[in-house]
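# Descriptive analysis of the structure
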Amino acid sequence: MKTIVINASPRKKCNTSQIMKSAQKGAESAGAEVEYINLYDYTFKGCVSCLSCKRKDAERCRCYYRDDLTEIIEKILKADALLIGTPIYFGQATSQFRALMERLLCCVMSYDGEPTYFTGKVNVGLFYTMNAPKQYYDNVLGPSFEVQAMMFGMLNGTVKSYGVCNTVQVRDYSKYSMGVFDENIKRENRKNQFGIDLKNAHDIGAELSR
Ligand SMILES: Cc1cc2nc3c(=O)[nH]c(=O)nc-3n(C[C@H](O)[C@H](O)[C@H](O)COP(=O)(O)O)c2cc1C
């Protein structure tokens, strides 16, 4: 089993990366060989609509646009599981997450009427970290991400989504103008909930990599 773990946060040691490191450990505990990728280390674009992947003589499920993402896409399509974590920016995944999603899924998407061109199977774990409290995730954000999860269904595997809420955004709130946040609630959540989130990410990583 091969699992690709992607941190789609610009921060390499904060909430999303910690969740993804835990998901990585879960995948490893299930016996998977894991590659961990910090997406922001790479230079790439989203889909440029060249439509080379849709030409009649094109190799299916191949992104023809050449940049740092090309190889990552090839690796994902050869893997058994893909675990991606992203912070929520303005109610959505980061632009880099989105760029990866566009490139990866455009070349497997069929305009010929099939659900997908992809004949393999890649399980997908989507991890979202955010300031929003759990209730808002459950009622508003989570449902809005379901379309995204459905798109990853083009990879034919199980797709699981997990929200990590009320994250601690900065180490010392007293140094920042962030008056809308109650630091005590953030610290409580970190103490009582974040450990559970790490454990759940571990278990999802293991389950999807089995
Ligand atoms: C530009 C920007 C926009 C954000 N927008 C949202 C948002 O719309 N909703 C939310 O719940 N959190 C939002 N956040 C907070 C982050 O999603 C949250 O702190 C996340 O856990 C950060 O992940 P990281 O620690 O891996 O960087 C935003 C953060 C930034 C920097």
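This text follows the structure it describes.
Residues numbered from 1 in each chain as written. Predicted model: local features only at pLDDT ≥ 70, side-chain atom pairs only at ≥ 80, totals over all residues. Heavy atoms only, no water.

## Section: the site of the ligand
Not every one of the 16 residues close to the ligand is listed here, only the nearest: Arg11, Thr16, Ile88, Thr129 and Thr167. With respect to the ligand, the side chain of serine 9 contributes an N or O atom lying 3.0 Å from an oxygen atom. Phenylalanine 90 is positioned such that a nitrogen or oxygen atom in its backbone is 2.9 Å from a nitrogen atom of the ligand. If the ligand stood free it would expose 650 Å²; the protein chains cover 79% of that surface. (Near = heavy atom within 4 Å. Polar contact = N/O pair within 3.5 Å; in protein donor to acceptor, adjacent residues only side chain to side chain. Areas by Shrake-Rupley, 256 points an atom, 1.4 Å probe, with all protein chains shown as cover.)

## Observations concerning helix H7 (residues 194–208)
Think of an α-helix as 3.6 residues a turn; residues three or four steps apart then line up on the same face. Over its 15 residues, H7 extends 21 Å from the first C-alpha to the last, a length consistent with the 21 Å expected when each residue adds 1.5 Å. Here H7 has its buried residues at Phe194, Asp197, Ala201, Ile204, Gly205, Ala206 and Leu208. Where H7 is buried, its residues contact helix H1 (15–29), strand S3 (81–89), strand S5 (122–129), strand S6 (156–164) and helix H6 (183–192). (Helix = DSSP H or I, 4+ residues; strand = E, 2+ residues; numbered from the N terminus. Expected span 1.5 Å × (residues − 1). Buried < 20%, exposed > 50% of the residue type's maximum accessible area, 1.4 Å probe, protein only. Contact = heavy atoms within 4.5 Å.)

## Overview of the state of the cysteines
Tallying each qualifying case throughout the model produces zero disulfides. Cysteine 106 takes part in no disulfide bond, and the closest cysteine sulfur, belonging to cysteine 47, lies 3.9 Å away. Taking the relative accessible area as the measure of exposure, cysteine 106 reaches 13% and is therefore buried. In this structure cysteine 107 is a free cysteine whose sulfur lies 5.6 Å from that of cysteine 63, the closest cysteine sulfur available. By relative accessible area, cysteine 107 is classed as buried at 1%. (Disulfide = S-S within 2.5 Å.)

## Details of unusual backbone geometry
One non-glycine residue with positive phi stands out, namely cysteine 61, at about 60°. Here cysteine 61 is to be found in the loop between strand S2 (33–38) and helix H2 (68–78). Of the residues examined, cysteine 61 reaches a relative accessible area of 17% and is grouped as buried. If you check the backbone angles, asparagine 156 has positive phi at about 70° while not being a glycine. On the secondary structure map, asparagine 156 appears in strand S6.

So, to be careful, I would describe these as geometric facts and stop short of saying anything about function.
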